Amino acid sequence: MKYLADKGNQVTWGWRDMAGREHAKSFTVAKSATFDVLGDIRQAVQKAIDEGQTQRMFDRDLIPILQAKGWWGLKEVTNPDGGQQTVQLGSLRRLETIFRANLQTAYMAGRYQQMMENVDSRPFWQYVAVMDDRTRDAHAALNGTVFRYDDPV
């Protein structure tokens, strides 16, 4: 998918090290720099998108690579200040977050482009929340609300 292919790589220590708009332009996985795994994770995400992989397939292919490079589990690493810190590197939960966030973002970027191409005939968009146990209250409150495409909301 072009959305992911157009992103540059950005090394960060924490996920908050990049502003929201930077995430739209850069691919990052916090604490991946010293383990040389950012490219491996990005390649696995791209493969998942290109081949329509499931979470299980993504994990199966990527976990051995990350483990071989030492990017798995709790590790004592040097933080940007030069101190030692115990951090969570790879885990099943972390891979789920990486997989879900990147595939959903790529999907929504493509969907947004389609909607913008059709905005002259369909200028009103409906907010639809997932409404599962992870839906935030603010998102649930907006569920079903219709806005004009250029509304600042």
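See above for the structure.
Residues numbered from 1 in each chain as written. Predicted model: local features only at pLDDT ≥ 70, side-chain atom pairs only at ≥ 80, totals over all residues. Heavy atoms only, no water.

Let's shift gears to the overall build of the chain. Along the backbone of the chain there are 6 helices and 6 strands. Once the C-alpha set of the chain is aligned to its principal axes, its extents read approximately 55 × 35 × 30 Å. Within the span of the chain, comprising 153 residues, buried residues form 32% of the whole. Here the contacts in the chain between residues at least 6 apart in sequence split such that 43% fall between residues at least 24 apart. As displayed, the chain has an accessible area near 10,400 Å², and 52% of this comes from carbon and sulfur atoms. (Helix = DSSP H or I, 4+ residues; strand = E, 2+ residues; numbered from the N terminus. Buried < 20%, exposed > 50% of the residue type's maximum accessible area, 1.4 Å probe, protein only. Contact = heavy atoms within 4.5 Å. Areas by Shrake-Rupley, 256 points an atom, 1.4 Å probe, with all protein chains shown as cover.)

With that settled, the discussion passes to the packing of helix α3 (residues 38-51) against helix α5 (residues 92-117). The interhelical angle for the contact between α3 and α5, taken along N-to-C directions, is 55°, at an axis separation of 10 Å. Relative to α5, α3 is oriented oblique. Taken as a pair, α3 and α5 cross one another with a handedness that is right-handed. Facing α3, whose interface residues are Ile41, Val45, Ala48 and Ile49, α5 presents Ile98, Phe99, Asn102, Leu103 and Ala106. Of the residues that constitute the contact of α3 with α5, the class distribution is 8 nonpolar, 1 polar and no charged. (Axes fitted to C-alpha atoms, helices over the stretch in contact; angles between N-to-C directions. Parallel < 35°, antiparallel > 145°, perpendicular 65-115°, else oblique. Left-handed = near helix turned anticlockwise from the far one by under 90°. Nonpolar A, V, L, I, M, F, W, Y, C, P; charged D, E, K, R; others polar.)

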